[in-house]
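For reference, the chains in residue letters:
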Amino acid sequence: MDSREYAFEGTEPDRHGYAHVSREATLVGDVSVGANANVWPGVVLRGDVGPVEIGRESAVGDNAVLHASTVGERALVGHGAILNDATVEDGALVGFNSTVSDATIGAGSIVAMGTVVPPGYEVPPDSFVRGTPASVTPLSETDIDAEAVFEAFSSGDYANLADRHEDLFE
């Protein structure tokens, strides 16, 4: 079994017994992964200059990199996303290949694929964020069905996908 968990200055990663962490994810230092969260192959969670926290029932997609960042509960971080000194609050979604640096994504917000959220942004809850650099629109002013988006990624077959991968997760 491949283990890619490394201590840093005496602090070791901590994951809940019910968390699904791929054998091919890398966890370094002050990292915590909550109950029923899933961390997919290629993910790097690096807690050296600050902690990395993944809340319960959250998902971090393949090849995402999180450095000194916090992801709340039932939040989704898409494949290839980069979070550096970022906070993603409960129920928010950060799309594939997005970059969030020294910024906060408010609860229930959706960050579109490929978006760049530069330092200093404080995205309000329930917002839609898109573009390079990011522009923010209240979800209520869009035709996006946020409940349908979150339902598609946080329930049903996708939420149970980690359970169905017998060999991918420890």
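For the structure, see preceding data.
Residues numbered from 1 in each chain as written. Predicted model: local features only at pLDDT ≥ 70, side-chain atom pairs only at ≥ 80, totals over all residues. Heavy atoms only, no water.

Draft legend 1. Inspection of the overall build of the protein chain at higher detail. Looking only at helices and strands, one finds three helices and 20 strands in the protein chain. A compact globule built from 170 residues would reach a C-alpha radius of gyration of about 15 Å, and the protein chain, at 15 Å, matches this within 12%. Within the protein chain, counting contacts between residues at least 6 apart in sequence, those at least 24 apart form 11% of the total. Of the roughly 8,200 Å² of accessible surface on the protein chain, a fraction of 49% belongs to carbon and sulfur atoms. For the protein chain, the distance from the average site of its 8 positive side-chain charges to the average site of its 28 negative ones is 5 Å. (Helix = DSSP H or I, 4+ residues; strand = E, 2+ residues; numbered from the N terminus. Rg over C-alpha atoms; globule rule 2.2 N^0.38 Å. Contact = heavy atoms within 4.5 Å. Areas by Shrake-Rupley, 256 points an atom, 1.4 Å probe, with all protein chains shown as cover. Lys, Arg positive; Asp, Glu negative; His and termini not counted. Charge placed at Lys NZ, Arg CZ, Asp CG, Glu CD.)

Draft legend 2. Quick peek at the environment of Val-100. Counting through the fold element by element, Val-100 comes out in strand β14 (residues 99-101). Its relative accessible area of 0% is what places Val-100 among the buried residues. For the pair Val-100 and Pro-118, spaced 18 residues apart in the sequence, the C-alpha separation amounts to 6.4 Å. Ignoring sequence-local partners within four residues, the contact set of Val-100 consists of Ile-82, Leu-83, Asn-84, Ala-86, Val-94, Ile-105 and Val-117. (Buried < 20%, exposed > 50% of the residue type's maximum accessible area, 1.4 Å probe, protein only.)

Draft legend 3. Broad picture of the sheet that holds strand β3 (residues 20-21). Pairing in this open sheet of eight strands is mixed, and the strands run β3-β5-β7-β10-β13-β16-β19-β20 from one edge to the other. With partners counted over all chains shown, the strands left at the sheet margins are β3 and β20 (135-138), one partner each. Pairing of β3 with strand β5 (residues 38-39), which is carried by two bridges, proceeds in the parallel orientation. When the sheet's bridge partners are listed, His-20 is paired in β5 with Asn-38. (Pairing = 2+ DSSP bridges.)

Draft legend 4. A negative patch on the surface, seen in detail. Taken together, Asp-85, Glu-89, Asp-90, Asp-102 and Glu-122 make up a surface patch of like negative charges. Mapped onto the secondary structure, Glu-122 falls in strand β18 (residues 122-123). (Patch = residues over 30% accessible without salt bridge, like charges linked within 9 Å, V, L, I, M, F, W, Y side chains within 5 Å. Salt bridge = Lys/Arg side-chain N within 4 Å of Asp/Glu carboxyl O.)

Draft legend 5. Quick look at the pairing of strand β6 (residues 44-54). Bridge analysis of strand β4 (residues 26-33) against β6 gives seven bridges, and the strand direction is parallel. Along β6, the bridge assignment pairs Ser-32 with Glu-53. Alignment of β6 against strand β8 (residues 65-67), held across three bridges, turns out to be parallel. The partner of Leu-45 across the bridge, within β8, is Leu-66. As judged from the two bridges shared by β6 and strand β9 (residues 70-71), these two strands associate in the parallel manner. What sits directly across from Glu-53, in β9, is Thr-70.

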